[in-house]
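Geometric and topological summary
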Amino acid sequence: MKKHAGALCAAFVVFALFISCAKQKDDKVLKVGATPEPHAEMLKLVVEDLASQGIKLDVIEFTDYVTPNDALESGQIDANFFQHLPYMDSFNKEKGYHLVNAGGIHIEPIALYSKKVSALSDLPAGAVIAIPNDPTNEGRALLLLQSAGLIKLSARAGITATPQDISENAKKLKFREIEAASLPRVLQDVDAAVINGNYAIPAGLRASKDGLLIEGADSPYVNIISVKAGNEKDARITALVKALCSEKIADFIEKRYPDGEVVTVF
């Protein structure tokens, strides 16, 4: 009986050690959600760099701006890389989430594109402009249009401005609020559209070449690594941010996006 008990106890110890080792191994896995380009492409470039530090980077691709934050808040992923700080702050406020900035990486200038006119001055009166329908990118789009004098926003309007905040609209422009990911697909159906860089790039649109109006380089909309509050100093996260702020990534961006579609901030 004592033999059986001893064997059972030994087996339990071995099993416990196995579980402990497995957990330690899992602790080195870093699940990061990202939109395909440029975010996922950049993450894939640092997989080996992190592997050399014992961190297995698992890149999970998303094609919208909502589910990667839901997945981060719920703990399905450890970080995400797709959004700028104003969007994350707005999302936290709206959803009651607890996401924080672990590090800024780059800016993707937003731009106004058109398949129907080749110059901003050619936009006709009553032109239909498609803009993102999420709070911060909608405001960002309207601020871009205001910077060119196409509209004027009321004094109270900030980065979450909506068409209802337009106080002057000399050309009587009309606005269609569309999900950001769908904007490239509706471009041919409207006179122009303000499109985020990570959706413009896969659609073959280049801000400096195709944009009628481009956001300035002083944009506050820096794309960040987002994590759940309390995880900013996680060794895996700090290693990821360091890897993305490397010369390898800077060289990749310079060669892949020579027309300024993506601009580093490090």
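One structure accompanies this document, and this report is about it. (Residues numbered from 1 in each chain as written. Predicted model: local features only at pLDDT ≥ 70, side-chain atom pairs only at ≥ 80, totals over all residues. Heavy atoms only, no water.)

Attention now moves to the packing of helix α5 (residues 85-95) against helix α6 (residues 135-147). Packing of α5 against α6 leaves a shortest axis separation of 8 Å and a crossing angle of 140 degrees. In terms of orientation, α5 lies oblique with respect to α6. Taking contact as the criterion, the partners of Pro86, Tyr87, Ser90 and Glu94 in α5 are, on α6, Pro135, Thr136 and Asn137. Tallied by class, residues from the contact of α5 with α6 come to three nonpolar, three polar and one charged. (Axes fitted to C-alpha atoms, helices over the stretch in contact; angles between N-to-C directions. Helix = DSSP H or I, 4+ residues; strand = E, 2+ residues; numbered from the N terminus. Parallel < 35°, antiparallel > 145°, perpendicular 65-115°, else oblique. Contact = heavy atoms within 4.5 Å. Nonpolar A, V, L, I, M, F, W, Y, C, P; charged D, E, K, R; others polar.)

What follows is about the sheet that holds strand β9 (residues 174-178). Across the sheet, five strands lie side by side as β9-β6-β10-β5-β11; this open sheet has mixed pairing. For this open sheet the edge positions go to β9 and β11 (213-214), each flanked by a neighbour on one side alone. As paired elements, strand β6 (residues 128-132) and strand β10 (residues 192-195) share two bridges and run parallel to each other. Pairing of isoleucine 129 across the sheet is with alanine 192, part of β10. (Pairing = 2+ DSSP bridges.)

Pairing in this open sheet of six strands is mixed, and the strands run β2-β1-β3-β12-β4-β13 from one edge to the other. In this open sheet, the two edge strands, each paired with only one partner strand, are β2 (56-61) and β13 (263-264). The sheet contact formed by strand β4 (residues 99-107) and β13 spans two bridges and is antiparallel. Bridging from a neighbouring strand, isoleucine 107 pairs with valine 263 of β13.

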